[in-house]
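Analysis of the macromolecular model
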Amino acid sequence: MNEPAPISSNPSSGQQPPPGKQDTRDRRARWPFTASLIAFILLSTVFSGLLWLQHRIQQADLKQLYSQKQVFQQHQLDHFTEQFRHTTLTAVQQFIDQQNPDLPNPLMLHNWWQQHRDQGFLSVTWDNGNHTSTAGDAAIMDQYQEWFGLPHKNGDIHSQVRCYSDECVELTKINVALQPRSSNATTEGNRSGQVRNGQLRNGQLRVVRDILQPLAINANLDTPGLADIKSSGLLLTKRRGEQSWQFQYLQLSQSENKQNDHAVESVSKLPLPLNRDLSLWTKIQKQPVITQEPNLMAPTRGSVWSLISFPNDYADNLYLLQHSEASPLAWQQHKSLLLLGLIYLGLSLIISFIIFTTIERFSQRLHRYASLLPLLGKKQYQQLREQLRQNQSKYGMGEFNEAESSLSALSYQLETQEKTVDIRTQEVERLSLFDPLTGLANRHLLQYEIQSDLEHLARSPRENLVAVILLDLDNFKRINDSLGHQLGDVLLEKMAKRLKGAIHSLGLVARLGGDEFAILLRSARRPEQLQALSQKIQDLVRKPLVVDNTSLVISCSIGVSTATLEDTPEDLVKHAEIAMYKAKQSGGNAHRLFNSQMAAEAHDNLSLESELRRGFEESEFTLYLQPKVNMDGIIKGFESLVRWDHPDRGTLPPSEFIPAMENMGFISLLDNWVLEASFRQLKVLEPHYPDIILAVNISSTHFTKESFLVFLHECLQKYPINPSRLELEITETLLMKNMSAGLEVIKKIKEMGVRIAIDDFGTGYSSLSYLKNLPVDTLKIDQEFIKDIPDSESDMQISSVIIFLAKQLHFSVVAEGVETAQQLSFLKANHCDLAQGYFFSKPIPAHKAILMLESERIDLANTRSRY
């Protein structure tokens, strides 16, 4: 089997620059980029100015276009009001021509109103001082009686628009002065009843006419040559104080019934449609009193809002609000501006690239030969001569010939001298310093070599680091258990040869025992090189190994530590072990470089371990419960949680101590404590609330142990409760690690009558093949799929699929982390069974659970009594 080639300590090219030259090389590499970046910035500034100028020109064009639209809309409204008032006066003139001024004629008044009813005449009243006659809706006439009673000059015609609730009407009152009827006054002119100033007041005609219907038709007419009108409405303003205004909006929308000529516009009372157009809303608040000139409020978000005023004294504090599509010219200008910006950006990039390549080529030619000098220090003479020949053939410039000849001659001299020098005298190796299985150095020799390097470092500080790389094969015990220890030793021998062949002269490889190897590295100069070398070692270990015709792929966890003047060999190895265990905690197949924080964490872990022991002895842990509710908010169960009442740090959540418990082996003890506390709580709740279910989380390391089943059975014997009221929550990751063992435990638990739930479903493998065969009762949707609802479409789809899948498999579904009403509505719409989260309640101490249930029972009883 071919061994891998030695690993270089330089992560990039395998060539280490001489001392003091790296900064110079970095500066040479940066300045072409800097020059091109400056050019790009200058070009971008110029082009940005051109874009801004183009944008200003386009804005001016749009402003002119929208001003034309406003003038047309104002003219259209003025024409409408003039025509509307004219039709009212024309109808009134017809009535006056027919009316007898001495005696009121109700029948004539009613016939006249019937003739003009289809023109929006809601009510009309004739008052000659002695008698009053009303035709139409008398109630609406009474509603505006106050306005009709206001004084005005004889012979005046007074009209005004008034809006009330969801109606707008034109109120018109006319004082009619007629000559008394006589033999000489029977002409058509005397009976015409024309309104003249100074005549004797014979009566007053009062008219209430609907203005909304014809206004809706007129307001929704599109502007020729401009954008279409999307909607129109009336905006009513009313001052409530010096700085306070009240607004009411009546939307005018066109009726869809076009089958007869009498179909009119429908009017709907809606909130002011400015929730998203904040600029328009702000302007209305700042300037509620609008002048007679048209007011262009926007364009905003592809739309144009227009406030159009009615004529003076015709409608106080009433405006026509029109919402139109933005002009197609605006979109064309936007596209052209975007295209121009892309062109400018492309030009900037192309010019900057040309500048960069030109300067880079010149810089490389200038410094190429100087960069070959470090090869002499590395004794790479053949590579130096090959580089010189390549450079000569590629850049045959006469000024470099003399330098090439000198470098080539010097390389031959140094290579000849190197061959004549004996590298070193081999030291007598003692068997006690080497591992008998692999032939590598053992722990004693490693510590001896570390001590020697540390003493040399103390005498003469150097640029190279003294570093220890400690690696441990992941899950090697599983290989030993499945293949046997003999084949496990064969695997260790092959791995040792692979590491030794790869490290070669970069350092010393040792085996510390079991599946743990160490490398004393002497050639690295920077921590970055250690990181790169660790990654290469990981890749090397992962290459397949053939043992007894079986191809094995193994990963490893690596910890790296570097020496300081104060460190001892034991300190250096201990630090590497701390970093290696940190890598294992992250899931293995990783490497970590030791730092002071890890040392502090190791010290804190020692302190935390003693505090945890005291916590169990002093009963400092408290059971908390978080309710699970159905879609109607009724509590159906609780999830058991734990808090640590630390005497110095206060109440600590699980995230503060459970990870440490898992690392220290206390998690099984905590699981048993929570489980027994939950049994006691169920014993308290069962007489009053026999349907309440308590769910308890069980760790993956504890679930498959035989001792867990024994303890569960003991609790069922000690606390005789209905076992179906207890639910054990396990993660799907636990099952995928060891499906056969996990399935066997689940079957035994189900035989005891206890429920099983799959916690955090969807975050692991979520395999349908195992799910359909599992005898579980509940699936819990992880809060990662709930928290972004309704903003995340993908989370909504995933959650819907999980709920549907669970229903098809006859599982109950619980959603975790519900915090908003929108999330609850989504779950309810998708027929989720239960939910839990801060939207309903935070975790509460266990003794308050019965109070919560009693409060809920009282509320439900009161609700039923009301119905």
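Everything in this summary refers to the structure shown in the same document. A quick note: this is a predicted structure, and the numbers were derived from the prediction, not measured.

Next up on the list: the overall build of the protein chain. Counting its regular elements, the protein chain contains 26 helices and 28 strands. Residues counted as buried form 42% of the 867 residues belonging to the protein chain. Accessible surface for the protein chain amounts to roughly 46,900 Å². Of this, 52% is attributable to carbon and sulfur atoms.

This part covers the side chain of T172. Position of T172 relative to the elements: it lies in strand β4 (residues 167–176). Judged by its relative accessible area of 1%, T172 is buried. Of the polar contacts made by the side chain of T172, one reaches the side chain of S159; its length is 3.2 Å. When neighbours within four sequence positions are excluded, T172 is seen to be in contact with T88, W147, F148, I157, H158, S159, L205, R206 and V207.

A cluster of nonpolar residues, L338, L342, L345 and L349, forms a patch on the protein surface that exposes about 390 Å² of accessible area. Its place among the elements puts L349 in helix α7 (residues 328–367). Looking at L349, the relative accessible area reads 48%, which means it is partly exposed.

Here we come to the state of the cysteines. What makes a disulfide is a covalent bond joining the sulfur atoms belonging to two cysteines. Considering all chains together, one arrives at one disulfide under this definition. One disulfide in the model links C163 with C168; its S-S distance is 1.8 Å. Across the S-S bond linking C163 and C168, the dihedral sits near 110°, which makes this disulfide right-handed. On the basis of relative accessibility, which here comes to 0%, the residue C168 falls in the buried class.

Quick look at the sheet that holds strand β1 (residues 121–127) now. An order of β2-β1-β5-β4-β3 is seen for the five strands of this open sheet, with the pairing classed as antiparallel. Among the strands making up the open sheet, the edge pair consists of β2 (132–136) and β3 (157–164). For this sheet, the mean inter-axis angle between neighbouring strands, taken without regard to orientation, is 15°. Both β4 and strand β5 (residues 203–210) contribute to a ladder of eight bridges, which runs antiparallel. Among the inter-strand pairings, V169 is bridged to a residue of β5, identified as D210.

Attention shifts here to the sheet that holds strand β17 (residues 556–562). Spatially, the five strands line up as an open sheet ordered β13-β14-β12-β17-β18, and their pairing is mixed. Both edges of this open sheet fall to β13 (507–513) and β18 (591–593), since each of them pairs with a single strand only. Taking each pair of neighbouring strands and ignoring which way they run, the sheet shows an average axis angle of 20°. Across the face of the sheet, helix α15 (residues 569–585) comes into contact with β12 (467–473), β14 (516–521), β17 and β18 while running at roughly 145° to β17.

The next subject is the packing of helix α12 (residues 476–483) against helix α13 (residues 485–503). Where α12 contacts α13, the axes come no closer than 7 Å and their chain directions differ by 135°. By the angle between their directions, the pair α12 and α13 is classed as oblique. The segment α12 lies against α13, with F476, I479, N480 and L483 engaging H485, L487, G488, L491 and L492. Here the contact of α12 with α13 is composed, by residue class, of six nonpolar, three polar and no charged.

Relative to the helices and strands, S348 is located in helix α7. A distance of 2.9 Å separates the side chain of S348 from the backbone oxygen of Y344, its partner in a polar contact. What S348 contacts, discounting residues up to four positions off in sequence, is F40, L43, S44 and F47.

Counting residues in hydrophobic clusters, the biggest one holds 75 residues, and the most contacted among them are L728, I749 and L827. For this core, the element with the most residues is helix α18 (residues 667–685), which contributes eight residues. Setting aside its immediate chain neighbours within four residues, L728 contacts L675, V696, I698, F708, L712, I749, V754, R755, I756 and A757. In this structure, A467, I479, I503 and L533 belong to the second largest nonpolar core, which totals 32 residues.

A few words now on the packing of α18 against helix α20 (residues 706–718). Axis separation between α18 and α20 bottoms out at 10 Å; the angle between their running directions is 20°. Classed by the angle they form, the pair α18 and α20 counts as roughly parallel. Read as a crossing pair, α18 and α20 show a hand that is right-handed. In this structure, α18 contributes N672, L675, E676 and F679 to the contact, and α20 contributes F708, F711, L712, C715, L716 and K718. Within the contact of α18 with α20, the residues separate by chemical class into seven nonpolar, one polar and two charged.

Turning our eyes to something else, we now look at the environment of D760. Note on placement: D760 falls in strand β24 (residues 755–761). Residue class for D760 comes out partly exposed when judged on its relative accessible area of 23%. For D760 and T733, which are 27 residues apart along the polypeptide, the C-alpha to C-alpha distance reads 9.4 Å. Look past the residues within four positions of D760 in its chain and what remains in contact with it is E732, K780, D782 and E816.

Under the criterion given, the structure shown has 12 aromatic pairs. Ring centres of F47 and Y344 lie 4.6 Å apart, and the angle between their planes is 10°; on these two criteria the pair is classed as stacked. Remark: Y344 occurs in helix α7 and F47 occurs in helix α1 (residues 22–98); sequence separation between them is 297 residues. Looking at Y344, the relative accessible area reads 15%, which means it is buried. Of the aromatic side chains, those joined through ring pairs into one cluster are F616, F621, W644, F657 and W673. The ring of W147 carries K173 above its face, with NZ or CZ at 4.8 Å from the centroid. Sitting above the plane of the Y624 ring, R643 keeps its charged end 5.2 Å from the centroid.

Here strand β25 (residues 778–781) shows two buried faces, one formed by T778 and K780 and the other by L779 and I781. The pairing of β24 with β25 spans three bridges and is classified as parallel. Residue pairing across strands places I758 opposite L779, the latter belonging to β25. Two elements, β25 and strand β26 (residues 812–815), share four bridges in a ladder whose sense is parallel.

It is worth spelling out the pattern of salt bridges at this point. This model, assessed by the stated rule, comprises 22 salt bridges. Across the pair E528 and R526 runs a salt bridge, and its minimum N-O distance is 4.0 Å. On the basis of relative accessible area, E528 is assigned to the exposed category, the value being 51%. Under the relative-accessibility criterion, R526 is labelled partly exposed at 33%. Linking E727 and K628 is a salt bridge whose minimum nitrogen-to-oxygen distance equals 3.6 Å.

Our next topic: unusual backbone geometry. With omega at 10°, the peptide bond leading from I789 into P790 counts as cis. Phi at N475 is positive, roughly 55°, even though this residue is not glycine. Along the chain, the position of N475 falls in the loop between β12 and α12. Judged by its relative accessible area of 52%, N475 falls in the exposed class. Even without glycine at this site, N589 takes up a positive phi of about 55°.

Analysis parameters
Residues numbered from 1 in each chain as written. Predicted model: local features only at pLDDT ≥ 70, side-chain atom pairs only at ≥ 80, totals over all residues. Heavy atoms only, no water. Helix = DSSP H or I, 4+ residues; strand = E, 2+ residues; numbered from the N terminus. Buried < 20%, exposed > 50% of the residue type's maximum accessible area, 1.4 Å probe, protein only. Areas by Shrake-Rupley, 256 points an atom, 1.4 Å probe, with all protein chains shown as cover. Polar contact = N/O pair within 3.5 Å; in protein donor to acceptor, adjacent residues only side chain to side chain. Contact = heavy atoms within 4.5 Å. Patch = residues over 30% accessible without salt bridge, like charges linked within 9 Å, V, L, I, M, F, W, Y side chains within 5 Å. Salt bridge = Lys/Arg side-chain N within 4 Å of Asp/Glu carboxyl O. Disulfide = S-S within 2.5 Å. Pairing = 2+ DSSP bridges. Axes fitted to C-alpha atoms, helices over the stretch in contact; angles between N-to-C directions. Parallel < 35°, antiparallel > 145°, perpendicular 65-115°, else oblique. Nonpolar A, V, L, I, M, F, W, Y, C, P; charged D, E, K, R; others polar. Core = buried A, V, L, I, M, F, W, Y, C linked by side-chain atoms within 4.5 Å. Left-handed = near helix turned anticlockwise from the far one by under 90°. Phe/Tyr/Trp six-rings, centres within 6.5 Å; stacked < 30°, edge-to-face > 60°. Lys NZ or Arg CZ within 6 Å of the ring centre and 35° of its normal.

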